[in-house]
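# Report on the structure
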Number of protein chains: 2
Amino acid sequence: MSHQTEADRVLRSLGGACIEHDPDVLRSVLDRVGDKWSLILIGLLGKGPMRFTELLRTAPGISRRMLTLTLRSLERDGLVKRLIYPEIPPRVEYEVTPFGRSLSEPVLALTRWAADNQETIRTNRRAFDEAAGLDIDDLD
Amino acid sequence: MSHQTEADRVLRSLGGACIEHDPDVLRSVLDRVGDKWSLILIGLLGKGPMRFTELLRTAPGISRRMLTLTLRSLERDGLVKRLIYPEIPPRVEYEVTPFGRSLSEPVLALTRWAADNQETIRTNRRAFDEAAGLDIDDLD
DNA sequence: CTGGATCCTTTCAGATACTG
DNA sequence: CAGTATCTGAAAGGATCCAG
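Because the structure is a prediction, the values reported are computed rather than measured. (Residues numbered from 1 in each chain as written. Chains lettered and ligands numbered in written order. Predicted model: local features only at pLDDT ≥ 70, side-chain atom pairs only at ≥ 80, totals over all residues. Heavy atoms only, no water.)

What follows is about the side chain of Ser28(B). Turning to its location among the elements, Ser28(B) is positioned in helix H2 (residues 23-33). On the accessibility criterion, Ser28(B) (14% relative accessible area) is buried. Residue contacts for Ser28(B): discarding those within four places in its chain leaves Ala114(A) and Gln118(A). (Helix = DSSP H or I, 4+ residues; strand = E, 2+ residues; numbered from the N terminus. Buried < 20%, exposed > 50% of the residue type's maximum accessible area, 1.4 Å probe, protein only. Contact = heavy atoms within 4.5 Å.)

Rendered as structure tokens:
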């Protein structure tokens, strides 16, 4: 059951660079940033610090509740920093930390993949769905 | 509301390579592979074709139901191919397509980030939680 | 403006049982 | 072996109201 994880561990201790797709490691990062909003916010904040309401307007479809919760968890993990200006009315800015920025890079790679392949996926789906439709109709 | 998306569009039309973190594009890829199992399976299958039951045993914690559903959606998007051998007992193998393999790369980058930074995140969380605990106790 | 607290709905995903 | 179908509990997430 853990043969491949074991193998990866050996490889890592030997070469250092080759971790391959360890399911457990992958799961840990997905549990962390695989939710609906974390990567979106990391991405948006990558362009510069933003205020709460600004994020609320910019992130398409997020609710105040989820924005609060997600920002807290990002702050907890040290990916985002919270800057409070004790003014009236209160002002709070959020910015990515250097640590968060290091995550921003692989995220950007994923975004690029998405941008490059949106159309391909749409095409594939149409083909698949059409084939499935024929399977039902066309049982001669 | 769409100022930055607009800006990205301009940049893209100019340079081509610079898409930045477009929230909508990022959302589209997250809706696709941001679920609990897609990336895990893509990762596992990256090592070579595997059978249904094999995946069931190898992916830590997946249920038969979710394995079926996830494989179907990956197949629909053209990321995974289903190979049926009409034997008794039936045998079915799954393999990543070249298209799926192209996704595997940015995913691997993310996994690497996770592997490299697991410990940092744990540390950050401990610090954050401890600070929060002090905030409550220590209100002198 | 920036949230916290509460309620409530929808979706996700596991357990179980059944089929070719 | 490789699934499908149904049922159900858990969890994510939106709406709303309240507070500093």
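Within the structure shown, the criterion is met by 1 cavity of 30 Å³ or more. If you add up the space inside the largest cavity, you get close to 60 Å³. If you go around the largest cavity, the residues you meet are Leu30(A), Val33(A), Gly34(A), Leu39(A), Leu110(A), Leu30(B), Val33(B), Gly34(B), Leu39(B) and Leu110(B). Going through the elements one at a time, helix H2 (23-33) of chain A together with H2 of chain B are the ones with two or more residues in the lining of the largest cavity. When the residues that make up the lining of the largest cavity are grouped by side-chain class, the tally is 8 nonpolar, 2 polar and no charged. (1 Å grid on protein atoms, 1.4 Å probe; cavity = no way out; pocket = protein on both sides within 12 Å on 5 of 7 lines; lining within 4 Å. Points joined across faces, edges and corners; volume = space filled by probe spheres on them. Nonpolar A, V, L, I, M, F, W, Y, C, P; charged D, E, K, R; others polar.)

If you look at the interface, chain A gives 57 residues, while chain B gives 56 residues. In this assembly, chain A packs against chain B so that about 5,600 Å² is buried in total across both faces, 67% of it on carbon and sulfur atoms. When residues of chain A are sorted by the area they lose upon contact with chain B, His21(A), Arg76(A) and Trp113(A) head the list and together hold 14% of the total. Summed over the shared surface of chain A and chain B, the result is 4 salt bridges. A salt bridge links Asp129(B) to Arg76(A), with the nearest nitrogen and oxygen atoms 2.4 Å apart. Inspection of the region where chain A meets chain B yields 11 residue pairs in polar contact (both at pLDDT 80 or more). (Buried area = accessible area lost by both parts, 1.4 Å probe. Salt bridge = Lys/Arg side-chain N within 4 Å of Asp/Glu carboxyl O. Polar contact = N/O pair within 3.5 Å; in protein donor to acceptor, adjacent residues only side chain to side chain.)

So, on to the protein's contact with DNA strand D. Close to DNA strand D lie 19 residues, the nearest being Arg65(A), Thr53(B), Thr68(B), Arg82(B) and Tyr94(B). If you look at DNA strand D and keep only atoms within 4 Å of the protein, 64% of those are sugar or phosphate atoms. At a separation of 3.2 Å, a base oxygen of DNA strand D approaches a polar side-chain atom of Arg64(B). Separating a phosphate oxygen of DNA strand D from a side-chain N or O atom of Arg72(B) is a distance of 3.1 Å. Elements with a minimum of two residues in the surface near DNA strand D: helix H5 (64-76) of chain A together with helix H4 (52-58), helix H5 (64-76) and strand S3 (91-96) of chain B. The element contributing the most residues to the surface near DNA strand D is H5(B), with 4 residues. Broken down by class, the residue content of the surface near DNA strand D amounts to 7 nonpolar, 3 polar and 9 charged. (Near = heavy atom within 4 Å.)

The subject of this paragraph is the environment of Thr111(A). With respect to the helices and strands, the residue Thr111(A) is situated in helix H6 (residues 98-137). Residues Thr111(A) and Gly43(A), 68 residues apart in the sequence, show an inter-C-alpha distance of 9.4 Å.

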